[in-house]
Amino acid sequence: MSAVLKINLSHLTHNYQYLRSKISKNVHFLAVVKAIAYGSDALQIAKHLEFLGVDYLGVAYAEEGVELRKNGITTPILVLHAQPENYSLIIEHNLEPNLYSLRTIKLFDAECAKLNIYNYPVHIKYNSGLNRLGVSIDTIDAIHSLLNCNRIKLASILSHLASSEDLSETEFTQQQIQRFIHFQKVFLKQLSYTPLIHQCNTSGILNFPEAHFSMVRSGIGLYGFGNDSKYDVNLKPIASLTAKISQIQTLQPGESLGYNRNYIATAKTKSATITIGHADGIDRIYGNGKGYVIINHQKAFILGIVCMDIIIVDISKINCKEGDTVIIFNEEYPANSLAEAVGTISYELITGIGPRIKRIISDK
Ligand SMILES: *Cc1c(COP(=O)(O)O)cnc(C)c1O
C-alpha cells in the first residue's frame, strides 16, 4: 500500500493553542478523540494531547476508551455514548460514562451498587434541543433521589448544540443556551457541590463565547478545521493523505475506462491510475468527475467509477509520470474542499480514511 496519511503533531499543538486562546484560563478543555481521533491515530493523538495538558479526553464508545487506558493514557476519559452493556467495562477501566436518560442513570447506579462502589464520577446530559440524547427538565427530582444514594457523583452536566456552525440558526442556538442555563439553575439548587458544565463543540467555542461555561469540547478544530473559512485560516489540518501513480495510459476517442464503462473518452485522454479506492475512504460519490487528486499543483478529476483499491484520474493537461506522488488532501489542499466538492463535510471524509492506510506520525 503506497497511500500514506502523515500526521503532523506540531499542527495539533498549534490548533490546541489557538482554541485555548479563545477560552478563559479557568475553562477546562475536553479533547474529542473518538473515531480513531477523527480518522488519524487515536493513541498518538491522545498521548500528545495528554502531553499538552488537556483536562479530559472524549470518546464515543467504551471500547475506544479501553484501548487508550490499555496503552497508558491516564487523563480522565468521558464516554459520550456509553452503552449499558459496557458499564462494567467502563468501571474496570476507570472511564466516565455520559448518562443521557433516567434509564441509563438507574442502570449505572445499579451497576455501582452491585460492585459496592460509591461516588463514581458520571456525566449527565441535558437535551437542549438537538433531540438526540439527553434528559428533560422534568426528570430532575428523580435524578436527585438517585444522586442522594451516593453511588454516583456528578463530574459534569453537559448539553450539545445542534447548529453551532450555522449562523443563520443563531436564534435557535441562543435558545438552546438559555434552556441549558435554566436547567443548570434548577438542577444545581439541589446539589451541594458544583460539577463542570459544558455545551460547546468547536464551532460553539468559536461562535458562542457566552456558552463556554466551565468546560468546552473540541474535536474537528484540533484536527484543523473550523467549519468556516474565517476560522480555517487560523487552524492547520494535521493530516495529509497521499497516494502514487502506478500507471499512465492514453485513451483514444470512443474508448471506455473503468468498471461498467462509465467513462467514455470524447477526445484523446491521458489517465493516471492511483493507489487508493473506496476501501480507503474515497467513496464512490467522488467518482465520475466530482472528486479529484492534486498532481503537480493541479486538480486531476476522477474518471469513471471509484474502485475498491484504485481510482483513475484525468491527467490530459498535467505533467507527471508513473511513480509520482499525488495529494488527496493536505494543509494547502484541505479535506473540507474535497469533501464539499461532493456535497459532504470534512468530518465524513477524514473519519472515513480506512485502516489499511499507513499512519506516519511526525512532529513537523
Ligand atoms: C463529536 C462530539 C463533539 C466534537 O464536536 P466537533 O464539532 O468535532 O468539535 C463534541 N460533543 C459531542 C457530544 C460530540 O459527540
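Residues numbered from 1 in each chain as written. Predicted model: local features only at pLDDT ≥ 70, side-chain atom pairs only at ≥ 80, totals over all residues. Heavy atoms only, no water.

1. Digging into a negative patch on the surface
Going by this rule: Like-charged residues within 9 Å of one another, or nonpolar side chains (Val, Leu, Ile, Met, Phe, Trp, Tyr) within 5 Å, are grouped into patches, provided each residue has over 30% relative accessible area and no salt bridge. All accessibility values rest on the Shrake-Rupley procedure with a 1.4 Å probe; residue burial counts only the protein chains present in the view. Whenever Lys or Arg places a side-chain nitrogen within 4 Å of a carboxyl oxygen from Asp or Glu, that contact is recorded as a salt bridge. Only four residue types enter the tally: Lys and Arg on the positive side, Asp and Glu on the negative side, with His and both chain ends excluded. Where a charge sits is defined by one atom per residue type, namely NZ (Lys), CZ (Arg), CG (Asp) or CD (Glu). In this text, helices come from DSSP runs of H or I with a minimum length of four residues, and strands from runs of E with a minimum of two, each type numbered from the N-terminal end.
A surface patch of like charges, here negative, comprises Glu165, Asp166, Glu169 and Glu171. With respect to the helices and strands, aspartate 166 occurs in the loop between β7 (152-158) and α8 (170-189).

2. What to know about the packing of aromatic side chains
Describing an aromatic ring pair means giving the distance of the ring centres and the angle of the ring planes. Put simply, the rule reads: Each Phe, Tyr or Trp ring, with Trp reduced to its six-membered ring, pairs with another whose centre is within 6.5 Å; inter-plane angles below 30 degrees give stacked pairs, above 60 give edge-to-face pairs, and intermediate values give tilted ones. Any residue under 20% of the maximum accessible area for its type is buried, any over 50% is exposed, and the rest in between are partly exposed; the area is computed with a 1.4 Å probe on protein chains only.
With the rule as written, the count across this model stands at 10 aromatic pairs. Both rings, one in tyrosine 38 and one in tyrosine 347, keep their centres 6.2 Å apart while their planes meet at 40 degrees; by these two values the pair is tilted. Residue tyrosine 38 is found in helix α2 (residues 34-39), and its partner tyrosine 347 is found in helix α12 (residues 346-351); the two are separated by 309 residues along the sequence. Looking at tyrosine 347, the relative accessible area reads 26%, which means it is partly exposed. One aromatic cluster in this structure is built from Tyr126, Phe180, Phe183, Phe187 and Phe213.

3. Side note on the layout of surface pockets
Any empty space left between atoms is shown by rolling a water-sized probe over those atoms. For clarity, the cut-off: With a 1 Å grid spanning the protein atoms alone, the term cavity applies to any set of points in which a 1.4 Å probe fits but cannot get out, the term pocket to an open set with protein on both sides within 12 Å along at least five of seven lines, and the term lining residue to any residue with an atom within 4 Å of a point. Grid points are joined across faces, edges and corners, and a volume is the space filled by probe spheres set on the points. Here the nonpolar group is Ala, Val, Leu, Ile, Met, Phe, Trp, Tyr, Cys and Pro; Asp, Glu, Lys and Arg are the charged ones; every other residue, Gly included, is treated as polar. What fixes the domain bounds is an automatic or database domain assignment.
Computed from the structure, the largest pocket encloses a volume of approximately 810 Å³. Looking at the largest pocket, it is lined by 36 residues, and the ones nearest its centre are Lys34, Arg132, His160, Asn201 and Tyr347. Elements represented by at least two residues in the lining of the largest pocket include exactly α2, β9 (215-218), α10 (229-232), α11 (335-341) and α12. A breakdown of the residues in the lining of the largest pocket according to their chemical character gives 14 nonpolar, 14 polar and 8 charged. Split by domain, the lining of the largest pocket shows at least three residues from each of two domains, domain 1 (9-232) and domain 2 (239-362).

4. Looking at the domain arrangement of the protein chain
The line we're drawing: Should any heavy atoms of two residues lie within 4.5 Å, those residues are counted as being in contact. Once two parts are put together, the accessible area they lose, assessed with a 1.4 Å probe and summed over both, is termed the buried area. Pairs of N or O atoms are called polar contacts if they sit within 3.5 Å, as long as, within protein, a hydrogen donor faces a hydrogen acceptor (for residues adjacent in sequence, only side-chain-to-side-chain pairs).
For the protein chain, the assigned domains read domain 1 (9-232) and domain 2 (239-362). The centre of domain 1, based on its C-alpha atoms, is set 37 Å off from the matching centre of domain 2. Between domain 1 and domain 2, the residue contacts involve 12 residues of the former and 12 residues of the latter. Area buried by domain 1 at its contact with domain 2 is led by Tyr38, Gly39 and Phe225, which between them contribute 40% of it. Summed over the shared surface of domain 1 and domain 2, the result is 0 salt bridges. Seen at the junction of domain 1 and domain 2, the total is 4 residue pairs in polar contact (both at pLDDT 80 or more).

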